[in-house]
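As a plain string of letters, each chain reads:
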Amino acid sequence: MSLIFDKNLEKLIVEIKTNGKLEKFDCEFSVCENPVCTCGTICLNLTRLPINGYVNASLDSLKIDINIYERALSYNDEIEFSEEELELAEQVLESLSDDDFNLLIGIHFDLKNRISEQASTDSIEAEFDYEKVEYDGLMSFYNDILPYGYRFVITIDNCRYNIRDQYCLLPKCSCTDTYLVIESENPLEKQEEGFCDISINYKKKQWKILETSHGFLNLGVIKSAIEQQIPDIYQQFFKRHEKLKSIYHHCKKRDYAAKTELVTRPDDSFSKVGRNDPCPCGSGKKHKKCCLKK
């Protein structure tokens, strides 16, 4: 293992062998600031640590971008590097073990999680199927919108289970429901026993197991485990629901702004379209049920 992580300082020490000699680098790290980006790139800013009081190399610092999922350097063609820089970057990459990559994956997720949970809802540019949300009531899972958002995990009888929570996205809807899909982290159990579907009214604290569930866990056992292991779970459901609705509201406002402007400009022929005519935005819906009501 060539990475040593100091959790208190949030710093890494990178150790590699060059020309038969062990060298150490102080390493600071950063990730993409976009909460919904899943590029998997972590940036390592290396500073060579002195040996016997001085740096015995012409290259004393280097910035390395690594794709932690592909285990490869992540540089675009527009960035130029010297042969020495590329050689050192490749040496660092080759020195990383499986444990090192697992460490980087954990650091990457923690940083992205912090960014995701602290980002203002009007700054998040997520993708939605607005037609299905508005007219078919399509719901979304919290971690589908925020892939690095906080994830619920519980333990029952020494087995770990992932909890995926989904919500209605309509900002004006007054429902207080969440729908959970609970799956075992064990891939064999996933295949043999499937999953458990549960609906919860988090305001009234009412739980119900759905007909779509394979029912491999008892509802009372699940409820007890979640309430004990995540004491503020009902407040969490409320906050996550409100956050998704707010993200959806801001994204829809941005995505439909240009379309609405096109339809409502007084000097545009589209502004003369009738209420029952097809909407000129191309949605296939009547004008009164589409952009006219925005």
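This is a predicted model, so every value here is computed, not measured.

1. A look at unusual backbone geometry
Phi is positive for Arg 71, which is not a glycine, with a value near 55°. Locating Arg 71 in the fold gives a position in the loop between β5 (61-67) and β6 (72-73). Arg 71 gets classed as partly exposed once you look at its relative accessible area, which sits at 38%. At Asp 157, a residue that is not glycine, the phi angle is positive and equals roughly 50°. Along the polypeptide, Asp 157 turns up in the loop between β8 (152-156) and β9 (159-167). Residue classification places Asp 157 among the exposed residues on the basis of a relative accessible area of 70%.

2. What to know about the sheet that holds β5
Strands sit in the order β1-β2-β3-β4-β5-β6 across an open sheet of six strands; the sheet is antiparallel. Of all the strands in the sheet, the pair left with one neighbour each is β1 (3-6) and β6. Relative to strand β3 (residues 21-31), strand β2 (residues 11-18) runs antiparallel, the two being bridged by seven bridges. By the bridge assignment for β3, Ile 16 is matched with Glu 23. Against the sheet, helix α1 (residues 83-95) contacts β2, β3, β4 (41-48), β5 and β6, and its axis sits at roughly 105° relative to β2.

3. Looking at the environment of Cys 27
Its place among the elements puts Cys 27 in strand β3. Overall, the relative accessible area of 0% leaves Cys 27 in the buried class. In contact with Cys 27, other than residues within four places in its own chain, are Lys 11, Leu 12, Val 14, Leu 44, Asn 45 and Leu 46.

Calculation rules
- Residues numbered from 1 in each chain as written.
- Predicted model: local features only at pLDDT ≥ 70, side-chain atom pairs only at ≥ 80, totals over all residues.
- Heavy atoms only, no water.
- Helix = DSSP H or I, 4+ residues; strand = E, 2+ residues; numbered from the N terminus.
- Buried < 20%, exposed > 50% of the residue type's maximum accessible area, 1.4 Å probe, protein only.
- Pairing = 2+ DSSP bridges.
- Contact = heavy atoms within 4.5 Å.
- Axes fitted to C-alpha atoms, helices over the stretch in contact; angles between N-to-C directions.

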